[in-house]
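Breakdown of the fold
One letter stands for each residue in the lines below.
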Amino acid sequence: MFDFSKSKVELGVKQGTFDFLGFTFYLGTSRAGRVIPKLKSSGKRLTSKLKKVTTWMRMIRNRYPLLHIWRLF
């Protein structure tokens, strides 16, 4: 298990992160200075999807006109 507690952040205890549904959740601070949960795209999944798109683009880039590729994408 990992720590994910607003009260522990205020005490200075380092908190963990977790991935769920393609997002990485972590505790950060708001502009007002309060501790809030934040999220960003999961790096592992984003990298995986970008590699798949790159592979697909390399397969079809010389077969179809650019406008057709944009419509497919």
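In case you missed it, the structure is sitting above this.
Below is a summary of the structure that appears in this document. Residue positions are given per chain, counted from 1 along the sequence in the order it is written. The model is predicted, so local features are restricted to residues of pLDDT at least 70 and side-chain atom pairs to those at 80 or more, both for listing and for counting; the totals for chains, interfaces and linings are taken over all residues. Excluding hydrogens and water, the side-chain figures rest on all heavy atoms present in the structure.

**Description of the overall build of the protein**
As a reminder, the rule being used: Counting from the N terminus, the helices are DSSP H or I runs at least four residues long and the strands are E runs at least two residues long. The reference for a compact globule is 2.2 Å times residues^0.38; the radius of gyration itself is calculated from the C-alpha atoms. Accessible area is worked out with a 1.4 Å probe on protein chains only. A residue is then buried under 20% of its type maximum, exposed over 50%, and partly exposed in between. Per-residue and other accessible areas were derived by the Shrake-Rupley procedure at a 1.4 Å probe size, with only the shown protein chains allowed to occlude residues.
Of the regular secondary structure elements, the protein holds three helices and three strands. Computed over the C-alpha atoms, the radius of gyration of the protein is 20 Å, more than 25% above the 11 Å expected from 2.2 N^0.38 for a compact globule of 73 residues. Once the C-alpha set of the protein is aligned to its principal axes, its extents read approximately 60 × 30 × 15 Å. Here the protein, with 73 residues, has 15% of them falling under the buried criterion. When the accessible surface of the protein is totalled, it reaches about 6500 Å², and 59% of it is carbon and sulfur.

**Considering the pairing of strand β3 (residues 35-41)**
Rule in force here: Here the rule is simple: two strands pair whenever DSSP picks up at least two bridges between them.
By the bridge criterion, seven bridges tie strand β2 (residues 23-29) to β3 in an arrangement that is antiparallel. Residue phenylalanine 25 lies in a different strand from β3, and its bridge partner there is leucine 39. Counted along the chain from β2 to the antiparallel partner β3, the turn is five residues long, and its residue glycine 33 has a positive phi close to 95°.

**Here's the deal with the sheet that holds β2**
For clarity, the cut-off: Every axis in this analysis is a line fitted to C-alpha atoms, fitted for helices over the stretch in contact. Angles between the N-to-C directions lie between 0 and 180 degrees.
Sheet architecture is open: three strands sit in the order β1-β2-β3, paired in antiparallel fashion. Looking along the sheet, the strands with just one partner apiece sit at the ends: β1 (18-20) and β3. Going across the sheet, the axis of each strand differs from the next one's by a mean of 40°, ignoring polarity. By the bridge criterion, three bridges tie β1 to β2 in an arrangement that is antiparallel. When the sheet's bridge partners are listed, phenylalanine 18 is paired in β2 with phenylalanine 25.

**Focus on the environment of lysine 6**
Spelled out, the test is: What makes two residues a contact is simply this: any of their non-hydrogen atoms within 4.5 Å.
Within the element layout of this structure, lysine 6 appears in helix α1 (residues 6-10). Exposure remark for lysine 6: the relative accessible area of 45% places this residue in the partly exposed category. Along the backbone, lysine 6 and isoleucine 36 are 30 residues apart, and their C-alpha atoms lie at a distance of 7.4 Å. With near-sequence residues (within four places) excluded, lysine 6 lies in contact with Leu27, Val35 and Pro37.

**Observations regarding a nonpolar patch on the surface**
So the rule is basically this: Patch construction takes residues with relative accessible area above 30% that form no salt bridge. Like charges are linked within 9 Å, and nonpolar side chains (Val, Leu, Ile, Met, Phe, Trp, Tyr) are linked within 5 Å. By definition, a salt bridge exists where a carboxyl oxygen of Asp or Glu is found within 4 Å of a side-chain nitrogen of Lys or Arg.
On the surface, a nonpolar cluster with roughly 430 Å² of combined accessible area is contributed by Phe20, Leu21, Phe23 and Leu39. Mapped onto the elements of the fold, phenylalanine 20 is located in strand β1.

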